[in-house]
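Each chain, letter by letter, is given below.
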Amino acid sequence: MPAVSKGDGMRGLAVFISDIRNCKSKEAEIKRINKELANIRSKFKGDKALDGYSKKKYVCKLLFIFLLGHDIDFGHMEAVNLLSSNKYTEKQIGYLFISVLVNSNSELIRLINNAIKNDLASRNPTFMCLALHCIANVGSREMGEAFAADIPRILVAGDSMDSVKQSAALCLLRLYKASPDLVPMGEWTARVVHLLNDQHMGVVTAAVSLITCLCKKNPDDFKTCVSLAVSRLSRIVSSASTDLQDYTYYFVPAPWLSVKLLRLLQCYPPPEDAAVKGRLVECLETVLNKAQEPPKSKKVQHSNAKNAILFETISLIIHYDSEPNLLVRACNQLGQFLQHRETNLRYLALESMCTLASSEFSHEAVKTHIDTVINALKTERDVSVRQRAADLLYAMCDRSNAKQIVSEMLRYLETADYAIREEIVLKVAILAEKYAVDYSWYVDTILNLIRIAGDYVSEEVWYRVLQIVTNRDDVQGYAAKTVFEALQAPACHENMVKVGGYILGEFGNLIAGDPRSSPPVQFSLLHSKFHLCSVATRALLLSTYIKFINLFPETKATIQGVLRAGSQLRNADVELQQRAVEYLTLSSVASTDVLATVLEEMPPFPERESSILAKLKRKKGPGAGSALDDGRRDPSSNDINGGMEPTPSTVSTPSPSADLLGLRAAPPPAAPPASAGAGNLLVDVFDGPAAQPSLGPTPEEAFLSPGPEDIGPPIPEADELLNKFVCKNNGVLFENQLLQIGVKSEFRQNLGRMYLFYGNKTSVQFQNFSPTVVHPGDLQTHILSGPAQPPASPRRPSSPWGSRLTQLAVQTKRVAAQVDGGAQVQQVLNIECLRDFLTPPLLSVRFRYGGAPQALTLKLPVTINKFFQPTEMAAQDFFQRWKQLSLPQQEAQKIFKANHPMDAEVTKAKLLGFGSALLDNVDPNPENFVGAGIIQTKALQVGCLLRLEPNAQAQMYRLTLRTSKEPVSRHLCELLAQQF
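It should be emphasised that the depicted structure is a prediction, and the values quoted were computed from it without experimental measurement.

A. Here's a closer look at the overall build of the chain. Along its length, the chain carries 40 helices and 17 strands. A burial count over the chain gives 54% of its 980 residues as buried. The long-range share in the chain, meaning contacts at least 24 apart out of those at least 6 apart in sequence, stands at 70%. Accessible surface, the chain: about 43,500 Å² in total, of which carbon and sulfur atoms supply 50%.

The following block contains the structure:
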């Protein structure tokens, strides 16, 4: 290596980099690097003290080696020593090395902090900027704790240089994002906001970034920034390109600052001060006017800067949604971009118009561009633009243009990209349901949808058409006729077979009078598809066949022959085999009256939010709710209210891990058990020749649990064990040296099923093992001697307790009286919530161990929130409902200290586990959590709204719940408060 003089700017580094680049192989590069590392190590360990220049050179080499991907395990102390140098270049290299290589947990952090403190106190603006950049780059909590109080002081100090203020603002922003609790802005708030009036545009730009972040958490503290932001924006918009020469970008004055100011204003509602609002409206109009002016340059940079301000202006206009004139002008401006040659502009225009379509002021203006949007859907080459066009058609749809838009989307669906087909299917299904002129058109549309894109028609879509057909008597005959004709196609999608199987099984009798669709013809048509379908569909068809026996007695012999076939009775799939055996026995043993009762027509589904819309919201991701479920309500729209999706019984035989309540179930068959007491009817049919309906068990089959006077009080830790299950359904409820009790449960609407697992941890057999469930005065317990029957359909729950009005009904299965050592037994509980309740049931476990009696009483983890049904709401609907629940007795509020670390993700998971839906973009403070749901009981539904406000600085929470029943509000508030 040639000799290097100290004046040639680290020539040794340049030579080393050149050597690395000239290496012809990886091995040669590694060899050269190892040689240099050995040389540097020897220099650092040598007795002779190195001067600042040499340290800087060698530290630079180490930094370059690290950037090549090699580990560096020495040289850190030498880099720290460079921080004490008075030369800018040496100090710069030291800070650079530390920012890149020093870990935030390094032992050297304290030495580094001392050097940074010295530089911040030096009042040398260059050194202060280097120190601030280092703090921002490392951004560790320890650095935040050390300097969070000093940086605001530097930021607002009158003698700080402009460059230092810029660096301080951005450094503070970095620390705030990393550790919000470390940045105390209370005393500095007004002075930080006043930076918006600073003469230096760079300081204003940095300050706007900081204030935008701060005001999202504490909007009230920074609301004075609105008037200052409007004033600064007005000066920029009204200035000529020559007025701000240093900050003019291709004839556009301060575009970055303008965009930041517009985004800051979107954090607040429209200004209340008439003068400020008038000045802001004038600014927005000026931006829209300038967009119409001919460009001052043909450079793409000019149009990009100009359009960036324009689109941010339109976003602010949409956010305010209070100026009809501006909204219409914004829509017209976006309409000009729909045919622009730039793909990005077309994309952004379509995206912005989607939001404009939800405003009552601009909806009609958006509709005028329907032909252009349809053309974009057909001709755009970029799939993302086509997807935005489909979104816009969905958003602009109302009753006046629904048929045209649905028709065009169906036509496009035949050639649509595979990536967006499922989403378009969901949109078509929602629009067809929401704006159906008549139900026959809706049925035709959904069946056509299945025909065109059957592979992309999710269960929610064809569930929904079944709900609506079941709920509407006037369309059932037409639906049966239409689906019968659709099934005659040679190539018929399996989803069409599912829909056909269900509808013909329920309403095939409505078209049986026509010889062309007689019962034998219907059966043969369905059975011709049987062997081509999946197991789930074949299971549904078997349910249709047993329905046919009830509807058309003349088909009984033919269907029994199919069920009796070896391919069914000895089928490898246990679900099909079980259905064939049970249906064959049912059709052979049951009397006509019993058969008619068990296989009666499905009742109407309760009305509730469309599951298709919920699926589309999930697919679009968080924050998409407002765009999908817009605030517009077309008074002429004819929403078809179906209800919840049918809960089929095509899943496998119930087991501890099975889908007990149909939560993940496959398509709905014409399910046999539909009426109250149907489960008991099946027991009577298969257990004895006399098939007489009964509403309860016989004395030989069942007995009531002992009353509360027969058991002891709950164990001391019962409440603590219960609290662990408020937000979860599975886990270990109790464990000691003898016994372990595990819980696995599922709940849906007002029904639940719980598995209790009792494990003998000893090597000695438990004798007289008897677990019972009791509840003083509020719960009736029914214990079966045979296998537990599945609960009645969640859509129409039946109770074996007749008309006795209680709060909870629990049906339990008797367990074995002996539990061998090391063995585990399982108990099934079917739970029905009849009314709202405050105290949970008690689980009493009695047994003998080694001759000594053992008794244990626990609180069963069944709390009122288990019957929560999450409910999605738009912000407008939430606040309207919140105001309706304004009576003092309807609200419960609690302010309490946090018992666990305050983590946003953990809090979110607990609220979801509690059962409510979390609503995004509802609370003005994004740190708060807002939820909504409905407590489902058999007797009534209790709406519930909640708001949780965490205060990380004080380590406190404020929880507010509003429901339509006072006891429920208080109880839910107590339950949820104990989780944080």
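B. Representation of the pattern of salt bridges within the structure. On inspection of all chains with the given rule, the structure shows 38 salt bridges. Of the charged contacts in the structure, one is a salt bridge between E36 and K61, with a shortest N-O distance of 2.9 Å. Of the two residues, E36 is situated in helix α2 (residues 26-45) and K61 in helix α3 (residues 52-67); the sequence distance between them amounts to 25 residues. Here K427 ties to D391 by a salt bridge, and the two come within 2.9 Å at their closest N and O atoms. Placement of K427 in helix α23 (residues 418-434) and of D391 in helix α21 (residues 383-396) is noted, with a sequence separation of 36 residues between them. Summarising the burial analysis for this pair, K427 and D391 share the class buried.

C. Fine view of the confidence of the model for the chain. Here the chain shows a mean pLDDT of 81. Residues at 70 or above account for 84%. Put simply, helix α36 (residues 678-687) is where the chain has its lowest mean pLDDT, 31, and helix α14 (residues 255-265) is where it has its highest, 93. Within the model, pLDDT remains below 50 along residues 777-805, and this stretch shows 97 contacts once partners closer than five positions in the same chain are excluded.

D. A look at the environment of E78. Of note, E78 is situated in helix α4 (residues 76-82). Sequence spacing of E78 and V59 is 19 residues, and the spatial spacing of their C-alpha atoms is 7.5 Å.

E. Summary view of the nonpolar core. Within the largest apolar cluster, 197 residues are counted, with the highest numbers of intra-cluster contacts made by I112, I116 and L449. If you tally residues by element for this core, the top one is helix α12 (residues 201-217), at eleven residues. If you look at the next biggest cluster of nonpolar residues, it comprises 60 residues, including I715, V743, V845 and F980.

F. Quick look at the environment of S163. Secondary-structure assignment places S163 in helix α10 (residues 162-178). Residue S163 is classed as partly exposed on the basis of its relative accessible area of 36%. Taking the C-alpha atoms as reference points, S163 and H200, separated by 37 residues in sequence, lie 9.4 Å from one another.

G. Quick look at the sheet that holds strand β6 (residues 766-774). Spatially, the three strands line up as an open sheet ordered β6-β10-β11, and their pairing is antiparallel. Two strands close off the open sheet at either side, each with one partner strand: β6 and β11 (852-859). With strand direction ignored, the average angle separating the axes of adjacent strands in the sheet is 10 degrees.

Rules used throughout
- Residues numbered from 1 in each chain as written.
- Predicted model: local features only at pLDDT ≥ 70, side-chain atom pairs only at ≥ 80, totals over all residues.
- Heavy atoms only, no water.
- Helix = DSSP H or I, 4+ residues; strand = E, 2+ residues; numbered from the N terminus.
- Buried < 20%, exposed > 50% of the residue type's maximum accessible area, 1.4 Å probe, protein only.
- Contact = heavy atoms within 4.5 Å.
- Areas by Shrake-Rupley, 256 points an atom, 1.4 Å probe, with all protein chains shown as cover.
- Salt bridge = Lys/Arg side-chain N within 4 Å of Asp/Glu carboxyl O.
- pLDDT = per-residue confidence, 0-100.
- Core = buried A, V, L, I, M, F, W, Y, C linked by side-chain atoms within 4.5 Å.
- Pairing = 2+ DSSP bridges.
- Axes fitted to C-alpha atoms, helices over the stretch in contact; angles between N-to-C directions.

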